[in-house]
Amino acid sequence: MITFFNRIGNSWIAKVICATLGVSMMAFWGLGGLSGGFSGDDHKAVTVGSDIITVDQINQQLNQERAKISALTGQNLSLQKAVELGLLDLVIQQLINEKVQQNMFNEIGLIASDDAVRKYVERNPIFQDNLGHFDANLFYAYMGQLKINQSQLSEKLKQELILQHLNHSLNKTAPQNSQIIADVASKQKEKRDVYGVLLLKNTVEVGTPDENTLKDYYEAYQEEFMNPEYRQIQLLTLLPSYFKGDKEQAYDKMYQTVQDLEDLLGEGLPLKEAAQKLNLASPDTLTVDITGQSKNLKETNNQLKDNPILQEVFTLVEGETSSIVDYKNGFLVAEVEKIFPAALKPYDKVKDQVKNLWKEEQQKEKLPQIVQKTIEQIKKTSEWGNLVPVHEVIEQTQSDKIPSELLSAIYAQKIGYKNAESYNVQDGSWLIVVNRVIQDNKSLSDKEKDEARRLYTQELMNAVQQTYMKNLNVQLNESSVNKFFLSYSKEQE
């Protein structure tokens with residue numbers, strides 16, 4: 001099918017395809033209107049055609065995403081916090097996209113072979129050493145960090161490759177010199193004259209909680225007050241300077257020692273005993289968290305910092321040894337000696353944190369009411385009242401005061417105070433009024449046309465996927481999802 005797309009890329013048939021998709025790309029169905037639910041087993045969260053996504057699958061994927069974020073940040077991400085940040089919605093959308101894409105690929109006949117995936121991995125800079133060679137240790141550490149196995153990663157990469165092929169094919173069907181591309185490019189050059197006010201969440205006035213309320217919060221949000229998991233490890237460093245002789249001899253001895261060490265560890269010998277048998281210095285004993293920070297000194301170990309061995313260590317059980325990884329001009333290897341599970345901090349130690357959490361929750365609850373009241377007042381009076389708005393002329397992808405992640409939504413907003421809108425951000429909500437649209441009548445450059453063609457191709461891709469989503473009659477049983485995660489949260493408490 002890819003060959004077929006490539007063959008028709010510059011033909012009149014392509015123009016028909018583009019015209020058809022060009023109309024459909026104007027409409028986006030998304031997940032809106034899918035929450036009406038459907039009859040059947042509550043265990044079914046989503047149906048995509050004849051495929052079913054269960055709440056267990058959503059929960060498993062959500063836990064994987066939480067683990068990844070926790071590993072990257074060094075902070076435990078609680079279930080409630082994950083839901084508040086929109087991670088649950090993101091996971092559901094990802095799972096739906098995967099099912100829709102798989103149906104789409106199967107119907108069109110697009111595939112990616114195991115050999116193509118292997119080459120894709122080997123050529124990916126993420127898995128290459130400083131010399132540009134494939135490094136298996138980086139590959140396995142990456143999987144450990146993502147909390148997935150090789151088969152799961154392979155399937156994800158297959159879908160990624162197929163999407164690249166499809167995107168390339170659609171790009172060839174995009175008109176090379178047409179009014180459509182000119183219109184898209186001109187639209188991209190438009191600017192918006194806007195006024196906006198940021199209502200900060202932390203400025204919302206709330207009362208003072210009593211001791212019982214704070215203790216209730218401490219019990220309900222225990223995951224927020226956990227000490228991270230620590231691991232006591234034996235860390236052995238091998239550098240050329242540890243071996244006698246000139247530079248070449250030292251390197252030869254080091255490489256031979258690494259081979260001998262691998263053999264001994266492969267036989268099941270503990271790292272300490274293996275080091276002793278090879279007349280090496282005793283490994284260092286360290287107790288660190290996932291970021292490499294010491295349990296007692298609260299410092300990050302320089303050897304472990306930004307080294308994939310640390311991620312691997314946190315996938316091992318007690319007594320297991322990591323792979324031998326590169327470190328400077330030598331190598332590192334670690335053995336997990338003891339695991340200290342994450343533990344709840346005493347109430348007295350975190351009372352101020354609990355109070356801050358209570359305050360944040362109260363402010364978050366009250367802010368939408370304030371935003372709604374303010375928006376209604378702006379629409380009614382065409383005035384900002386006591387608020388002092390910022391004024392800015394923004395572009396599609398550039399702004400100084402307004403957050404860049406809001407630009408696409410603002411560009412879709414209608415002009416005038418009666419069309420004032422609010423947009424949630426991490427620290428609060430932006431209230432935006434679009435004052436006018438500023439046209440740019442300058443001639444289009446080749447670069448601007450190329451960018452417009454790229455955007456048009458992406459819209460074609462979105463339209464294709466959204467069409468398949470509509471035809472597959474994607475249905476989200478929102479009540480089942482909410483019911484499951486509500487009861488799950490209570491169990492966690």
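Residues numbered from 1 in each chain as written. Predicted model: local features only at pLDDT ≥ 70, side-chain atom pairs only at ≥ 80, totals over all residues. Heavy atoms only, no water.

1. Regarding the overall build of the protein
The helix and strand inventory of the protein stands at 17 helices and 13 strands. In the protein, which comprises 493 residues, the share counted as buried stands at 41%. Across the protein, every contact between residues at least 6 apart in sequence was considered, and the portion connecting residues at least 24 apart equals 72%. As presented, the protein carries roughly 28,200 Å² of accessible surface, and 48% of it is formed by carbon and sulfur atoms. (Helix = DSSP H or I, 4+ residues; strand = E, 2+ residues; numbered from the N terminus. Buried < 20%, exposed > 50% of the residue type's maximum accessible area, 1.4 Å probe, protein only. Contact = heavy atoms within 4.5 Å. Areas by Shrake-Rupley, 256 points an atom, 1.4 Å probe, with all protein chains shown as cover.)

2. Observations concerning the sheet that holds strand β1 (residues 44-48)
Pairing is antiparallel across the open sheet formed by three strands, whose spatial order is β2-β1-β13. Edge positions in the sheet fall to β2 (51-54) and β13 (475-476), since each has one partner strand and no second. In the sheet, β1 pairs with β13 via two bridges, with the strands oriented antiparallel. In the sheet register, V46 faces β13, and the bridge partner there is L476. Lying over the sheet, helix α5 (residues 87-108) contacts β1, β2 and β13, oriented at roughly 165° with respect to β2. (Pairing = 2+ DSSP bridges. Axes fitted to C-alpha atoms, helices over the stretch in contact; angles between N-to-C directions.)

3. Points about the pairing of strand β3 (residues 191-200)
Of the strand pairs in this sheet, β3 and strand β12 (residues 428-438) are connected by ten bridges, and their pairing is antiparallel. From the neighbouring strand, V194 faces β12, where its bridge partner is V434. Inspection of the sheet shows β3 paired to strand β10 (residues 390-394) by five bridges, in the antiparallel sense. Across the sheet, R192 pairs through a bridge with I394, a residue of β10.

4. A look at the nonpolar core
Most often, soluble globular proteins have nonpolar side chains that are buried together. Among the nonpolar cores identified, the biggest contains 50 residues, and V46 and I58 are the most heavily contacted of them. A total of ten residues in this core trace back to one element, the largest contributor, which is α5. Formed by 18 residues, the second largest nonpolar core is a distinct cluster that contains A71, L235, L310 and A334. (Core = buried A, V, L, I, M, F, W, Y, C linked by side-chain atoms within 4.5 Å.)

5. Comments concerning the sheet that holds strand β8 (residues 330-340)
An order of β6-β5-β8-β7 is seen for the four strands of this open sheet, with the pairing classed as antiparallel. A single partner strand is all that each edge strand has here, and the edge strands are β6 (284-288) and β7 (325-327). In this sheet, adjacent strand axes meet at a mean angle of 40° when their direction is disregarded. Across the sheet, helix α11 (residues 247-266) is in contact with β5 (230-238) and β8; its angle to β8 comes to roughly 30°.

6. Topic: the side chain of N124
With respect to the helices, strands and loops of the structure, N124 is situated in the loop between α6 (114-122) and α7 (136-146). Within the structure, N124 has its side chain in polar contact with the backbone nitrogen of I126 (distance 3.0 Å). (Polar contact = N/O pair within 3.5 Å; in protein donor to acceptor, adjacent residues only side chain to side chain.)

7. Section: unusual backbone geometry
Unlike most non-glycine residues, K328 shows phi in positive territory, near 55°. Here K328 shows up in the loop between β7 and β8. With a relative accessible area of 68%, K328 lands in the exposed category. In this structure, N473 is a non-glycine residue whose phi angle is positive, near 55°. Along the polypeptide, N473 turns up in the loop between α16 (446-471) and β13. For N473, a relative accessible area of 48% corresponds to the partly exposed category.

8. Looking at the side chain of E361
Relative to the elements of secondary structure, E361 occurs in helix α14 (residues 347-381). Leaving out residues up to four positions away in the same chain, E361 has contacts with Q80, E84, Y217 and Y221.

9. Structural notes on the packing of aromatic side chains
Tallied over the full model, the rule gives nine aromatic pairs. Look at F134 and F139: their rings are 6.1 Å apart centre to centre, the planes differ by 55°, and that puts the pair in the tilted class. Through a chain of ring-to-ring contacts, three or more aromatic side chains come together here, namely F127, F134, F139 and Y140. Sitting above the plane of the F340 ring, K295 keeps its charged end 4.2 Å from the centroid. (Phe/Tyr/Trp six-rings, centres within 6.5 Å; stacked < 30°, edge-to-face > 60°. Lys NZ or Arg CZ within 6 Å of the ring centre and 35° of its normal.)

10. With respect to the environment of E478
Within the secondary structure layout, E478 lies in helix α17 (residues 478-492). Once the C-alpha coordinates of E478 and V46 are considered, the two residues, 432 residues apart in sequence, prove to be 8.5 Å apart.

11. With respect to helix α9 (residues 179-189)
An α-helix turns once every 3.6 residues. As a result, residues three or four positions apart point the same way. When α9 is considered as a whole, its buried residues turn out to be I181, V184, A185 and K189. For α9, the buried positions fall inside an angular range of 140° around the axis, keeping them on one side. Of the surrounding elements, those touching the buried residues of α9 are β3 and α16. (Arc of directions from axis to C-beta.)

12. Looking at the pattern of salt bridges
Opposite charge on two side chains lets them pair, provided their charged atoms get close. As enumerated under the stated definition, the model contains 14 salt bridges in all. With a shortest N-O distance of 3.3 Å, E122 and R118 are connected by a salt bridge. On the criterion of helical spacing, the pair formed by E122 and R118 is a turn pair, its members being four residues apart in helix α6. Overall, E122 belongs to the partly exposed group, its relative accessible area being 32%. (Salt bridge = Lys/Arg side-chain N within 4 Å of Asp/Glu carboxyl O.)

13. Things to note about α16
Its 26 residues place the ends of α16 37 Å apart at the C-alpha level, agreeing with the 38 Å of an ideal helix rising 1.5 Å per residue. Within α16, burial applies to A452, R453, Y456, T457, L460, M461, A463, V464, Q465, Q466, Y468 and M469. Positioned one or two residues after α16, N473 has a phi angle of 55°, which is positive. (Expected span 1.5 Å × (residues − 1).)

14. Quick look at the confidence of the model for the protein
Looking at the protein as a whole, the pLDDT averages 82, with 88% of positions reaching at least 70. Note that pLDDT drops below 50 for residues 1-40; the model gives that stretch 60 contacts with residues more than four away or on any other chain. Segment residues 489-493 is flagged for pLDDT under 50; beyond a separation of four residues in sequence, or across chains, it makes four contacts in the model. (pLDDT = per-residue confidence, 0-100.)

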